[in-house]
Amino acid sequence: MDPINERIALVKTSRRSFLCCAFIAVGAPLRGMSFASQTRVLNGMPEAIPSPDQLHWQNLEFGMFVHYGPQTWQNDPRATPLSAYDPDIDTDNWAQCAVNLGARYVVFVAKHQQGFCMWQTRTSSYSIGHIAWERGRGDVLRNISASCKKYGLRLGVYLSPRDDHFGAATGGICKTPSRQATYNAVYRQQLTEVLSRYGEMVEVWFDGSTVVPVADILSKYAPHAAIFQGPCASVRWVGNEDGFAPYPLWDAEPVAEARSGVSTALNGDANGGAWVPVECDVSIRRPHWFWSPTDLSTLMTLDQLLEVYYRSVGRGAQLLLNVPPNSNGHTADKDFTRAQEFGAEIRRRFGKSQAETSGSGPTLSLDLPRPARVDHIMVQEDCRFGQRVRAFRVEGRSDRQWATLDTGSSIGYKRIIPVTPHEYSALRLVVTETQGDPIIRRFAAFDTGVAPPPSWNALTRAMWAPNAVGNWKDFHFELDLTKEIAAATQYRLRFVPESGEVTAIRSVRLLLDGAPEADLVSADARDKSSLILTMTAIGQQIVVSGTVEGAASGTILLQAM
């Protein structure tokens, strides 16, 4: 199968990926809201700077997703009347699980795509107020809000724009204008209820984006929340449901791609003008989001969870791990225990360093109090000043000799680097390429006493982006863009490598209906990994080919300029 078709086939099997594929939002992020990033020019290049609220969200680092509802009680919830459901919902149990896990916030699914509302709403009879639990007076969102406050956790909410009960498709799109107007009012009321009654939210999920206008509601009731997808997005989806971020990982992306509302980690660009950090979501019962009595065998092992941690948080991304309660409203015993084991192991490995320091400049040294065994290095940039490091190496001194332990490209919020275990007297971070003065928040050494997951540094494949148009392999590419070019304007083709760096694009050939048009394609003067296409007409067959230098394979993105 052709690589791009293989990716499309894989995307269609993924619930959240499919939702994102199905809808491309338009418009720009709402200006003036506190979660919006800023852009400044540094050394002639744009530098994206996070807002204080974005930094606060990134400092939370690790959250717990909670999917619970009729899908939990029965595989076909519509086959049983709502009045038959009477679970024993214990949100304190959920919050305790999150604390054990090491999560600092919970994102609760208040309404999934079926449309069932887990709070007391005036908008729908398909809701928690119409089941036997607490005689119809129960409110799961109220309870989890109280539990989060009790256990010192922040609360976020997922409110699906898609609503099968109402008949709204992905993005909240309805079939007729009148139906759309009615659903817009319903969804806006639901969002207002959720954001105004249950305390300040740390994150709001619009899975699959939304056509329903919500900016004014967010500005009024959730001005400091991270917004996942949609025209007001301030954070973005990684692009898979495996919990794996790519490396390198860039928190910045082009402004035009950020405005799509459905950009992913593949859209990251070190020189992008918008700061939109990445969140990785994965379920502890891969790949199922709601608990089922038939999927115990899919419960992730401790080793699998550690792999996720190293390839998400360890690469600078946020991790949102789903731990779904069982049909009785409690975290299943095996899930609870596994989450506790995972949290304890992360704390054991990275709870206390051998030594650490901070500073700025191209070289940062860390002297250990005495020669000590080191097997992991942790580096964090001070992201208040953006993500500046483009390439670095870590060195260790032993027997008065310095040796390179590892090299890398992005650091960003955090980079965890396993190294060959050895006794060192000093360590050194050497930044070899940077955009501006590198400012390091933390440079720390750890002795975990264990090996990292074997795949800690593996490539993350099967990534999705809304504007992906193909791939290159073995340094060569050939794309038929006929169906992708919809207007006579300029386009940017950006080449995102699976690993390494694109150093040049050579031997480029553009054919329009089989005739070469050399004047209509050129290198991007500001970006060696991009081409500029100038399309003066449409309706022709458009084929572009060439050779990529520096990186053998990757994904090609198309963006109208």
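Refer to the preceding data block for the structure.
Residues numbered from 1 in each chain as written. Predicted model: local features only at pLDDT ≥ 70, side-chain atom pairs only at ≥ 80, totals over all residues. Heavy atoms only, no water.

J.: Which parts of the structure should I look at to understand unusual backbone geometry?
T.: Negative phi is the rule for most residues except glycine; trans is the rule for most peptide bonds. Cis peptide bonds are those with omega within 30 degrees of zero, and the linkage from Tyr247 to Pro248 qualifies with 5°. Relative to the helices and strands, Pro248 is located in the loop between β8 (236–237) and β9 (252–253). Arg286 connects to Pro287 through a cis peptide bond whose omega is -10°. Of note, Pro287 is situated in the loop between β11 (278–283) and α10 (302–310). The residue Glu61 is not glycine, and still its phi comes out positive at about 70°. Among the structural elements, Glu61 can be located in the loop between α3 (52–60) and β3 (62–66). (Helix = DSSP H or I, 4+ residues; strand = E, 2+ residues; numbered from the N terminus.)

J.: Which parts of the structure should I look at to understand the sheet that holds strand β23 (residues 515–516)?
T.: Where strands meet in a sheet, backbone hydrogen bonds hold them as pairs that are either parallel or antiparallel. Taken in spatial order, the four strands make up an open sheet running β20-β26-β22-β23, and their pairing is antiparallel. Single-partner strands in this sheet number two, and they are β20 (476–480) and β23. Sheet topology places strand β22 (residues 504–512) next to strand β26 (residues 542–549); seven bridges connect them, and they run antiparallel. Residue pairing in the sheet places Leu511 in a bridge with Val543 of β26. (Pairing = 2+ DSSP bridges.)

J.: Sorry, what's going on with the nonpolar core here?
T.: For soluble globular proteins, the rule of thumb is that nonpolar side chains tend to be buried together. Core analysis: the largest hydrophobic core is formed by 78 residues, its most contacted members being Phe108, Leu195 and Val204. In terms of residues, this core owes the most to one element, helix α7 (residues 177–197), which gives six residues. Among residues more than four places away in sequence, those in contact with Leu195 are Val157, Met201, Val204, Ile217, Leu218, Tyr221 and Ala222. In this structure, Leu60, Phe65, Val107 and Tyr158 belong to the second largest nonpolar core, which totals 29 residues. (Core = buried A, V, L, I, M, F, W, Y, C linked by side-chain atoms within 4.5 Å. Buried < 20%, exposed > 50% of the residue type's maximum accessible area, 1.4 Å probe, protein only. Contact = heavy atoms within 4.5 Å.)

J.: Help me out: how do you make sense of α3 in this one?
T.: Structurally, the α-helix is built with 3.6 residues per turn, so residues lying three or four positions apart point the same way. The set of residues buried in α3 consists of Asp53, Gln54, Leu55, Trp57, Gln58 and Leu60. Of the residues trailing α3, Glu61 is marked for its positive phi of about 70°.

J.: What exactly am I supposed to notice about the side chain of Gln380 here?
T.: Tracing the sequence through the fold places Gln380 in strand β14 (residues 363–381). What Gln380 contacts, discounting residues up to four positions off in sequence, is Ile411, Gly412, Tyr413, Lys414, Ile440, Arg441 and Arg442.

J.: Please explain the packing of aromatic side chains as it appears in this structure.
T.: Aromatic ring pairs: the centre-centre distance and the angle between the two ring planes describe each pair. In this structure the tally under the stated criterion is 22 aromatic pairs. Ring geometry for Trp205 versus Phe228: centroids 3.5 Å apart, planes at 5°, classification stacked. Of this pair, Trp205 sits in strand β6 (residues 203–205) while Phe228 sits in strand β7 (residues 226–228), and the two are 23 residues apart along the sequence. When sorted by exposure, Trp205 lands in the same class as Phe228, which is buried. By way of ring pairs, the aromatic residues Tyr68, Trp73, Tyr85, Trp94, Phe108, Phe116 and Tyr126 are connected into one cluster. (Phe/Tyr/Trp six-rings, centres within 6.5 Å; stacked < 30°, edge-to-face > 60°.)

J.: Looking at this structure, how should I read α7?
T.: In this model, α7 (21 residues) spans 30 Å end to end at C-alpha, consistent with the 30 Å of a helix rising 1.5 Å per residue. Within α7 the residues assigned to the buried category are Gln180, Tyr183, Asn184, Val186, Tyr187, Gln190, Leu191, Glu193, Val194 and Leu195. Tucked inside the fold, the buried residues of α7 contact β4 (105–111), α6 (140–151), β5 (154–159), β6 and α8 (215–221). Following α7 by one or two positions, Gly199 has its phi on the positive side, about 90°. (Expected span 1.5 Å × (residues − 1).)

J.: Sorry, what's going on with the environment of Gly436 here?
T.: Tracing the backbone shows Gly436 in the loop between β17 (415–434) and β18 (439–446). You can call Gly436 buried: its relative accessible area is 15%. Considering only alpha carbons, one finds Gly436 and Gly361, 75 residues apart in sequence, at a separation of 9.3 Å.

J.: Would you mind going over the sheet that holds strand β16 (residues 401–408) with me for this structure?
T.: Pairing is antiparallel in the open sheet, where six strands are placed in the order β13-β18-β14-β17-β15-β16. The open sheet has two edge strands with one neighbour each: β13 (355–360) and β16. The mean inter-strand angle of the sheet, taken between neighbouring strand axes irrespective of direction, is 30°. In this structure, strand β15 (residues 389–398) lies alongside β17, joined through eight bridges in antiparallel fashion. Bridge assignment links Glu395 to a residue of β17, and that residue is Arg428. (Axes fitted to C-alpha atoms, helices over the stretch in contact; angles between N-to-C directions.)

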